[in-house]
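Listed below are the residues making up each chain.
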Amino acid sequence: MDNIHRIVIRRLLLAWALVSLLLGGGTWYVATERIDDAVVALAQAESAKFQAGELEAAEMSAQQLDYLRQRALGFVRDHFVVIELYDRQQRKVVEAVNPAHEDIEASLQGSIHVFPRDGRHHYEKYRVLGNTVVQVLVPILDRERRVSGFFEGVFLVSPEEEARLRQDLYLILGVVLAAVLITTVVLYPVILSLHRNVLRHSRDILRGNLDMASVLGAAIAQRDSDTNIHNYRVTLYACALGEAVGVKGDAMRALIIGAFLHDVGKIGISDTILLKPAGLTAEEFAVMRTHVALGVEIIAPSRWLQAAREVVEFHHEKYDGSGYLQGLKGEAIPLNARIFALADVFDALTSRRPYKEPMPLEKALAIIAKDAGSHFDPTLAATFATVAPPLLERFNRLDEGAIVALMTARVEHYFFNGLLDR
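The present account deals with the structure reproduced in this document. (Residues numbered from 1 in each chain as written. Predicted model: local features only at pLDDT ≥ 70, side-chain atom pairs only at ≥ 80, totals over all residues. Heavy atoms only, no water.)

Glancing now at the packing of helix H5 (residues 229–244) against helix H13 (residues 400–416). Two packed helices can be described by the angle between their axes and the distance between those axes. It is at 10 Å that the axes of H5 and H13 come closest, and there the two elements cross at 45°. Regarding the angle of H5 to H13, the classification is oblique. Of the two elements, H5 crosses H13, and the hand of that crossing is left-handed. For the pair H5 and H13, the contacting residues are Ile229, Tyr232, Arg233, Thr235, Leu236 and Glu243 in the first and Glu400, Ile403, Val404, Leu406, Met407, Arg410 and Tyr414 in the second. Considered class by class, the residues forming the contact of H5 with H13 number 8 nonpolar, 1 polar and 4 charged. (Axes fitted to C-alpha atoms, helices over the stretch in contact; angles between N-to-C directions. Helix = DSSP H or I, 4+ residues; strand = E, 2+ residues; numbered from the N terminus. Parallel < 35°, antiparallel > 145°, perpendicular 65-115°, else oblique. Left-handed = near helix turned anticlockwise from the far one by under 90°. Contact = heavy atoms within 4.5 Å. Nonpolar A, V, L, I, M, F, W, Y, C, P; charged D, E, K, R; others polar.)

Below you can see the structure in the form of structure tokens.
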């Protein structure tokens, strides 16, 4: 339950952060656009005071131009830095500069004019000498809605206005973040309940799949060796070797399922061959080899059981390429299959079967060492020689129920403890 709480809280906090970022970013954008809209509206209001005919510089006398200039100077008030009027040929007719902001106007001399031809206003925002200014270009239209000239205004956003905007913005952001946080807290018990239900159903489904694989594998093992404990021992050997060489996560889970089902294809082999106490003839061995292809065919319809395929299909391959069915060599054989091959042979050597007694540890390890590089991956064989002896000693002291309990603990560890993280 503690793990569920941690997962739910972590995911809710992540969702809160993402939603807050999106809403906060949108709020910031809307709030900062307000000042731009206000400047544009002011520029449009000022431009409306000039008539289209007044901008025909070629037809104006010096007196008329001076009068127009004086009118423009009257509009340069408050926080306007400069006002400029252009005729339809984009020639400057009048310029009026606020004396208090001549330094800002000088810094803007290099800014490019983009004269709007679509009948709409255009603006750019700049940082100049530590101040925020908005440069607006508004077309002046005649009665036929044709562009007859342009009004340009450069507006200085005062530090007081920026501070007020920032304060309003922080207030809005605080309200938004608080609202999202409160919603997250309210949703926590609902989401936790849903997580519990999903987790319970997921565990039930996963446990059902594992039980199916375990029962099927145990049934085949019992038919082959008169006991189903072989499947548990060989899986524990494979897990121990896998852990020693760094197999984790999905790969370890695939190794466990593969160990359960490694010989599932033997369900299609007759008892005459499968349980024959003496050596098999060449023809019988050819039939026995078909259990690999049969196993692959049996698990093929199940997407979940496909995790077992590497072990089912390749656990009879040999490191020198002399194995079957494909004759793979070296590291072309999947790692899980190379791991399982060692566990399977070692358990077969050290276990009692209807036709043989268990082999002593030293002799079994000697066979493993002799076949390292031919049958087995030599690096894995050397590691296995260190992990197998304590396990065999432990198995020899335990009854079947205790070994099953060990295997159950491994399954719980690899399949259920991290279920929420997958």
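Let us keep going from here.
On the basis of which strands lie adjacent, the open sheet formed by 5 strands has the order S2-S1-S5-S4-S3 and antiparallel pairing. The open sheet is flanked by strand S2 (92–97) and strand S3 (122–128), the only strands paired with a single partner. Ignoring strand direction, the axes of neighbouring strands in this sheet form an average angle of 15°. (Pairing = 2+ DSSP bridges.)

Attention shifts here to empty space enclosed by the protein. The gaps of empty space that remain are located by a probe, the size of a water molecule, rolled over the atoms. Applying the stated criterion to the full structure yields 2 cavities of 30 Å³ or more. In this model, the largest cavity occupies a volume close to 40 Å³. Lining the largest cavity are Phe314, Glu317, Tyr319, Ile333, Ala337, Arg338, Ala341, His375, Phe376 and Asp377. Split into classes, the residues belonging to the lining of the largest cavity amount to 6 nonpolar, 1 polar and 3 charged. (1 Å grid on protein atoms, 1.4 Å probe; cavity = no way out; pocket = protein on both sides within 12 Å on 5 of 7 lines; lining within 4 Å. Points joined across faces, edges and corners; volume = space filled by probe spheres on them.)

Tyr237, Ile256, Leu261, Leu342, Phe346 and Phe384 are the most contacted members of the largest nonpolar core, which has 49 residues in total. It is H5 that provides the largest number of residues to this core, a total of 9 residues. If near-sequence neighbours (up to four positions away) are discounted, Leu342 is found in contact with Leu241, Ile368, Phe376, Leu380, Ala381 and Phe384. (Core = buried A, V, L, I, M, F, W, Y, C linked by side-chain atoms within 4.5 Å. Buried < 20%, exposed > 50% of the residue type's maximum accessible area, 1.4 Å probe, protein only.)

This part takes up the packing of aromatic side chains. Tallied over the entire structure, the rule returns 6 aromatic pairs. Arranged with centres 6.4 Å apart and planes meeting at 75°, the rings of Tyr232 and Phe260 form a pair that is edge-to-face. Of this pair, Tyr232 sits in helix H5 while Phe260 sits in helix H6 (residues 249–261); the two residues are 28 residues apart in sequence, bridging distant segments of the chain. Measuring from ring centre to ring centre gives 5.9 Å for Phe285 and Tyr324, while their planes differ by 85°; the resulting arrangement is edge-to-face. Residue Phe285 is found in helix H8 (residues 282–299), and its partner Tyr324 is found in the loop between helix H9 (309–314) and helix H10 (335–350); the two are separated by 39 residues along the sequence. Residue class for Phe285 comes out partly exposed when judged on its relative accessible area of 38%. Its relative accessible area of 9% is what places Tyr324 among the buried residues. Three or more aromatic residues joined by ring pairs make a cluster, and in this case those are Tyr237, Phe346, Phe384 and Phe395. (Phe/Tyr/Trp six-rings, centres within 6.5 Å; stacked < 30°, edge-to-face > 60°.)

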